[in-house]
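Overview (structure and organization)
These are the residues of each chain, in order.
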Amino acid sequence: MAARHGDEDGPGSGPVPASHLTSPAPASEGSVSGGSGGSGEPGRAGAAITLDDVRSAQKTLSGVSRLTALEGSRYLSGLVGAPVHFKCENLQRTGSFKLRGGYVRIAGLSPEERAAGVVAASAGNHAQGVALAASLLGVRSTVFMPEGAPLPKIAATRDYGAEVRLYGQIVDETMRAAKEYAERTGAVFIHPFDHPDIIAGQGTVGLEILEQCPEVRTVVVGIGGGGLAAGIAVAVKALRPDVRVVGVQAEGAAAYPPSLAAGRPVMIDAPVTMADGIKVGRPGDVPFQIIENLVDEVRTVTEDELSGALLLCLERAKLVVEPAGASPVAALLSAPESFEGPVVAVLSGGNVDPLLMQRILRHGMAAAGRYLSLRLRLTDRPGALATLLGVLSTLDANVLDVSHVRTNPRLGLSEAEVELHLETKGPDHCEDVREALRGAGYTVMA
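The present account deals with the structure reproduced in this document. The model shown is predicted, which means the values in this text are computed figures rather than measured ones. (Residues numbered from 1 in each chain as written. Predicted model: local features only at pLDDT ≥ 70, side-chain atom pairs only at ≥ 80, totals over all residues. Heavy atoms only, no water.)

On to the pattern of salt bridges. Scanning all chains against the criterion turns up 15 salt bridges. Between Arg217 and Asp242 there is a salt bridge whose closest N-O contact spans 2.5 Å. With a gap of 25 residues between them, Arg217 in the loop between helix H8 (196-212) and strand S9 (218-222) and Asp242 in the loop between helix H9 (227-239) and strand S10 (244-250) connect regions that are remote in the sequence. Overall, the relative accessible area of 25% leaves Arg217 in the partly exposed class. Here Asp242 falls in the partly exposed class, since its relative accessible area comes to 37%. Across the salt bridge formed by Glu431 and Arg434, the nearest N and O atoms sit 3.5 Å from each other. (Salt bridge = Lys/Arg side-chain N within 4 Å of Asp/Glu carboxyl O. Helix = DSSP H or I, 4+ residues; strand = E, 2+ residues; numbered from the N terminus. Buried < 20%, exposed > 50% of the residue type's maximum accessible area, 1.4 Å probe, protein only.)

Here you go:
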């Protein structure tokens, strides 16, 4: 659907061309109005976001954020029919792009605001970005995280220097607690996406893309609240208005399509997705207007497509990427013919809990037809299980797990049931395995 319904200085100079800013509310030439942000934050909440802001952010981040690599993907290039590159923000400090915006935001605080400290709410990436940014700037930070946040993310946030407080079961509850803390203590609340300084910091990713891949024709980026996509769009459309910017959301947490249709941010009920980095129920006021004006299209991807994309990044590119970071890859895999190349897909983060990674990889293998679960019955006699495993060995199916049930009311006296989890070579191989087992006399139940 169409969106309308830093280590080096950036290239060139000058404002965003007015012809590319079709805001319903007049804004100054070379800028996109950020509105109020709806966050009650001090600072530039009502200011416009310009290309100069992004360039200034890039200078602020010099020596702080990494100029992350641009890696080619031969496999995706073959599917798209043009070069495809990964912008590897999963290799950024703290494992995601969030350090960029967090550092720029905190660096812009007054001495009095810094003295009061900062507070944030996050399940992971923003928490770590704010914690490190505050530590580097000598500012005290408190981060509220959900009680169910993965232990590695909690530990990492503490290691970066923040005081971590666990509150609530979902991020919305955690966010309210952080804002109440800010009101009570005077600490500055650092919003994850709904502030111009945050967006300007994230926009430095766009400057780097243009520096590293001047011939780029399409940039694909995941969208949650919208800070990263908005920042990239401001930078890219100002310098290369011909470049297409495509946003990607998880199908179960896609707040932007209905918001763009309504012409304003709207809340969706109970967003559900494995991609917690883009699991946001309502677009930010500040990034929404930018995305509405400058992002060419917002697409959605399924959970199967997300897990398949994560598996591809791990196997083909040797890159550990979280589900939200793999969303641009999922979009490319789902409709490769829709993207004009060269394409840059932004891998926005790599902070994935190991246990979740294990489940996602198994899910991705199943979605790709490379993981087969089935139950079958066999005669309960000595050597029957060994015979079954021998049949599987001739089929070149790798047995991952076996469950052998001999006592169950649904089984006959001479029957046993076996549940198998197999690694296969694809959908055709799965069907070959089923047919071969039936041909060998086994009753395949699933």
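This paragraph deals with the pairing of strand S12 (residues 343-347). Counting buried positions over the five residues of S12 gives five, a clear majority of the element. Neither face of S12 is left uncovered, since the one carrying Val343, Ala345 and Leu347 and the one carrying Val344 and Val346 both have all their residues buried. Bridging between strand S4 (residues 84-88) and S12 involves five bridges; their strand directions are parallel. Bridge pairing in S12 links Phe86 to Ala345. Bridge analysis of S9 against S12 gives three bridges, and the strand direction is parallel. Looking at S12, one finds that Val219 is bridged to Val344. (Pairing = 2+ DSSP bridges.)

Turning our eyes to something else, we now look at the packing of aromatic side chains. Within the structure shown, the criterion is met by two aromatic pairs. The lysine or arginine in question, Arg316, covers the ring of Tyr75, its NZ or CZ lying 4.2 Å from the ring centre. (Phe/Tyr/Trp six-rings, centres within 6.5 Å; stacked < 30°, edge-to-face > 60°. Lys NZ or Arg CZ within 6 Å of the ring centre and 35° of its normal.)

Take the sheet that holds strand S5 (residues 118-121) next. With parallel pairing, four strands are arranged side by side in an open sheet as S7-S6-S5-S8. Either end of the sheet is taken by a strand with one partner, and the two such strands are strand S7 (163-166) and strand S8 (188-189). Taken together, the four bridges between S5 and strand S6 (residues 141-145) define a ladder with parallel strand orientation. Paired with Val118 across the strands is Ser141, a residue of S6.

Attention now goes to the pairing of S9. A regular strand places its side chains on the two faces of the sheet in alternate fashion. Burial within S9 is extensive, with five of its five residues counted as buried. Along S9, one buried face is formed by Thr218, Val220 and Gly222 and the opposite face, lined by Val219 and Val221, is buried too. As paired elements, S9 and S10 share five bridges and run parallel to each other. Across the sheet, Val219 pairs through a bridge with Val245, a residue of S10.

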